[in-house]
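Fold and geometry: a report
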Amino acid sequence: MNNIIKFSYTKNIINQSLKIIDVIEILDIIEIKLALIVDDNNKLVGTITDGDVRRALLKKINTDDECRTIMNISPIYANESDDHTHVYNLLKKNRIAIPIVDKNKKITSLTHLGELNKTTKNNIVFIMAGGRGERLMPLTIDTPKPLLPINNKPIIKQIIDNIKKYRFNNIHISVNYKSEKLINYLGNGKDQDLTFTYINEDKALGTAGALSLLKDIPDRPIIVINGDILTGINLEQLLYYHNSSGKKITMCAANHKVPVPYGTIEVDGTTITEIEEKPLKTYLVNAGIYVIEPIIISKMKKNIKIDMTEIINNYVSKQEVSIYPLHEQWIDIGSHEDYEKAQK
């Protein structure tokens, strides 16, 4: 019953002087998303999780800073001398990996509850794939946008592959424009050990209206993804982040850089304090990926056109919306320029 798994941990050990941007790259590739921060004597001094990184990004911390500036300086760990039951209880309570240290606080192993790491998730992942893709005409005259190929693989197949990677298998797909082509291509999902449920929109219902057509209100949060988004987002981490926030909605946000073709001026009264020549301004934009609580769907009017931003605005004033900044690659294929960029 006490299924404690030990993992290879050498790639998780990071010196406290390493840059934040380098830690982000490491967290993207290691199996257990926990950076174990050590000093020059290899003594455990802190940890950095995916959530720590995203909170730092929201504070606009310079990613060239040393990672010690964002680490948790009171990490959860166990000692080599602790008995099996104590370690198991720590793991079960905190639902994260825990390093084991010796008497000098040097790391000797990294443990995790295997069943927490490998269990299939039953949360619905809802792909909004019913749009006409008018800005991509004439490519979408005969082909629904989610079936447009990116390096010979349709957009929606790339989305589904990423969903499956994080062990979500209950996928709902809203369809409308050229729906028969989407359904014929995807099938029922059984050949991929997935379950596809198609939600037919008799009319265009916006970026959220199809949620009102769910046969039953689910008993757990739903992940919603626009059908024209390419990203390697870790959906498991996203769901954990949402559940930890206690909010009704979590909205993913991506960085969008806008070049200003002029020198910008900062002033204090009538005095110029700074001139910046043609700056590159960065803004957080809606990434088209959300986690929402079932109660929101229960309050939606059936078969009424509504966009996700309208729903979100209703909860912003109640402080019920959290933001999940992406550091993963992300692209919204909304134009011919975006489509060409995605091919690269």
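Since we're looking at a predicted model, the values are computed, not measured.

**What to know about the overall build of the protein chain**
Across its full length, the protein chain holds ten helices and 20 strands. With the C-alpha coordinates of the protein chain rotated into their principal frame, the extents come out at 70 × 65 × 45 Å. Across the 344 residues in the protein chain, those meeting the buried criterion constitute 45%. Contacts in the protein chain between residues at least 24 apart in sequence constitute 70% of all its contacts with a sequence separation of at least 6. Carbon and sulfur atoms provide 48% of the accessible area of the protein chain, an area that totals close to 18,300 Å². Side-chain charges of the protein chain comprise 44 positive and 42 negative groups, with the mean position of each set lying 5 Å from the other.

**Things to note about helix H2 (residues 50-58)**
Count 3.6 residues to each turn of an α-helix, and residues three or four apart come out pointing the same way. When we look at burial in H2, the residues that qualify are Asp-50, Gly-51, Asp-52, Val-53, Arg-54 and Ala-56. Check the buried side of H2 and you find it contacts helix H1 (20-29), strand S4 (44-49), helix H7 (235-245) and strand S19 (321-325).

**Structural notes on the pairing of strand S8 (residues 121-128)**
Counting buried positions along S8 gives seven out of eight residues, so the element sits mostly inside the fold. Pairing of S8 with strand S11 (residues 168-175) involves six bridges; the strand directions are parallel. Looking across to S11, one finds that Ile-124 is bridged to Asn-170.

**Considerations on the packing of aromatic side chains**
Inspection of every chain in the model, using the stated rule, returns one aromatic pair. Aromatic pair Tyr-241 and Tyr-324: ring centres 4.7 Å apart, planes at 80°, arrangement edge-to-face. In this pair, Tyr-241 sits in helix H7 while Tyr-324 sits in strand S19, placing the two residues 83 residues apart along the sequence. Residue Tyr-324 is classed as buried on the basis of its relative accessible area, which comes to 0%. The lysine or arginine in question, Lys-318, covers the ring of Tyr-315, its NZ or CZ lying 4.8 Å from the ring centre.

Conventions adopted
- Residues numbered from 1 in each chain as written.
- Predicted model: local features only at pLDDT ≥ 70, side-chain atom pairs only at ≥ 80, totals over all residues.
- Heavy atoms only, no water.
- Helix = DSSP H or I, 4+ residues; strand = E, 2+ residues; numbered from the N terminus.
- Buried < 20%, exposed > 50% of the residue type's maximum accessible area, 1.4 Å probe, protein only.
- Contact = heavy atoms within 4.5 Å.
- Areas by Shrake-Rupley, 256 points an atom, 1.4 Å probe, with all protein chains shown as cover.
- Lys, Arg positive; Asp, Glu negative; His and termini not counted.
- Charge placed at Lys NZ, Arg CZ, Asp CG, Glu CD.
- Pairing = 2+ DSSP bridges.
- Phe/Tyr/Trp six-rings, centres within 6.5 Å; stacked < 30°, edge-to-face > 60°.
- Lys NZ or Arg CZ within 6 Å of the ring centre and 35° of its normal.

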